Amino acid sequence: MTPEPGSAVPAGRQELTDLGALKALAQPRRQQILQHLTLHGPATSATLARALGLNTGATSYHLRELARYGFVEEPPAPPTPPHKPPLTPPLTPPRPPRRERWWRVVPGDRRFPPRSRQSAETRLVMGELSRLSYAADLELFERLQRESADGDRDTDANDGEWADAFPYSRGTIRLTLPELRAFFEEYIALLNRYKRPDSEAPNGARTVLTRLLAFPAPHDARRDAPENGPDIAPGRGAETDTP
């Protein structure tokens, strides 16, 4: 049965155990490239170079490394610009246009190995990858906050109903480790339910960035933690059951 309302459920789960693949990801420029392709869709190395302030040679190298490990690929039918006939016939036959290589992100359910199965080198790489990811997420969120503030001052730049599109929840639950794993899989299943190709997105749909961060409380905080902490969701009259 096809899930609704989205239908683009990624193929089977893949655990990234190859240290080379992890190192390919834990590189600042490649993270920027992946972020740009995710937010803006397929692009050429020249387009990425202009957007990220790089030279095309470096961008092409990073794209080849990402493709080597299956993180990006060439679309089966790259976009083609509209044809514009010349104003006057050319004196000599024109050279055939050089084919541009377009790239897109390869979707999939990729998982990192659990810490208990990571080598010391893998943990170092994972630490750098986490640092880059958190920094990129924070930069994107701060950029959106600046745009929202500009919209408050300029009605022409206001996002209208999307100005309220900031669902947020912060709470605590007491779980066993198997329950936490089940909680995570349910979250992934919910994401997949809403995923669909861009061609099937309804009018008014926008790219929405989703992040889940769940972690056990530090040892020195467990004794004082309430059985069930407050669930905070701004905009819904959130209340707290703690002093």
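Structure report, in brief. What you see is a predicted model; the values in this text were computed from it and never measured. In this convention, every chain numbers its residues from 1, walking through the sequence in written order. At least 70 in pLDDT is required for a residue's local features to be given in this predicted model, at least 80 for side-chain atom pairs to be given and counted, and no such filter applies to totals for whole chains, interfaces and linings, which use all residues. To get the side-chain values, all heavy atoms of the structure are used, and hydrogens and water are removed first.

### Section: the overall build of the chain
Alright, step 1. Secondary structure counts use DSSP, requiring at least four H or I residues in a row for a helix and at least two E residues in a row for a strand, with both numbered from the N terminus. Looking only at helices and strands, one finds seven helices and five strands in the chain.
Alright, step 2. Starting at the N terminus, the α and β elements of the chain follow one another as β-α-α-β-α-α-β-β-β-α-α-α.
Alright, step 3. Within the chain, buried positions represent 19% of all 243 residues.
Alright, step 4. Carbon and sulfur atoms form 54% of the exposed surface of the chain, whose accessible area is close to 18,500 Å². Partly exposed describes any residue whose relative accessible area lies between the buried limit of under 20% and the exposed limit of over 50%, with all areas from a 1.4 Å probe on protein chains only and scaled to the type maximum. Using a 1.4 Å probe, the Shrake-Rupley method yields the accessible areas, and only the shown protein chains count as cover for residues.

### Quick word on the packing of aromatic side chains
Note on aromatic pairs: each is described by the distance of the centres and the angle between the planes.
Alright, step 1. Any two of the Phe, Tyr and Trp rings considered here, Trp counted by its six-membered ring, make a pair once their centres fall within 6.5 Å; the pair's planes then place it as stacked at under 30 degrees, edge-to-face at over 60, or tilted in between. This structure, assessed with the given rule, holds one aromatic pair.
Alright, step 2. Between Phe141 and Phe166, the ring centres sit 6.4 Å apart and the planes meet at 75°, which makes this aromatic pair edge-to-face. Linking Phe141 in helix α5 (residues 120-153) with Phe166 in the loop between α5 and α6 (177-194), this pair joins segments that are 25 residues apart in sequence.
Alright, step 3. With relative accessibility at 32%, the residue Phe166 sits in the partly exposed group.
Alright, step 4. The criterion is that NZ of a Lys, or CZ of an Arg, lies within 6 Å of the ring centre and within 35 degrees of the ring normal, and then a charge sits over that ring. The residue whose ring lies beneath Arg206 is Trp162, and the NZ or CZ to ring-centre distance is 5.0 Å.

### Regarding a nonpolar patch on the surface
Alright, step 1. A patch consists of residues whose relative accessible area exceeds 30% and which take part in no salt bridge; residues with like charges are grouped when within 9 Å of each other, and nonpolar side chains (Val, Leu, Ile, Met, Phe, Trp, Tyr) when within 5 Å. Salt bridge, as applied in this entry: a Lys or Arg side-chain nitrogen positioned within 4 Å of an Asp or Glu carboxyl oxygen. Together, Ile173, Leu175, Phe183, Phe184 and Leu212 make up a nonpolar patch on the protein surface, roughly 410 Å² of accessible area in all.
Alright, step 2. Examined against the element boundaries, Ile173 turns out to sit in the loop between α5 and α6.

### Description of the sheet that holds strand β4 (residues 102-105)
Alright, step 1. The criterion for strand pairing is that DSSP finds at least two bridges linking the strands in question. The strand order β2-β4-β3 describes an open sheet built from three strands, whose pairing is antiparallel. Looking along the sheet, the strands with just one partner apiece sit at the ends: β2 (43-44) and β3 (72-73).
Alright, step 2. Two strands pair when backbone bridges link them, and β3 and β4 are joined in this way by two bridges, in the antiparallel orientation. Bridge pairing in β4 places Val72 opposite Val105.

### Thoughts on helix α3 (residues 45-52)
Alright, step 1. Among all positions of α3, only Ser45, Leu48 and Ala49 are buried. Take α3 and look down its axis: the buried residues cluster within an arc of 100°, on one side only.
Alright, step 2. By definition in these notes, contact holds between two residues if any of their heavy atoms fall within 4.5 Å. Lining the buried residues of α3 we find α2 (28-40), β2, α4 (56-68) and β4.
Alright, step 3. Backbone geometry just after α3 places Gly53 at a positive phi near 70°. What the arc measures is the spread of directions leading from the helix axis to the C-beta atoms.

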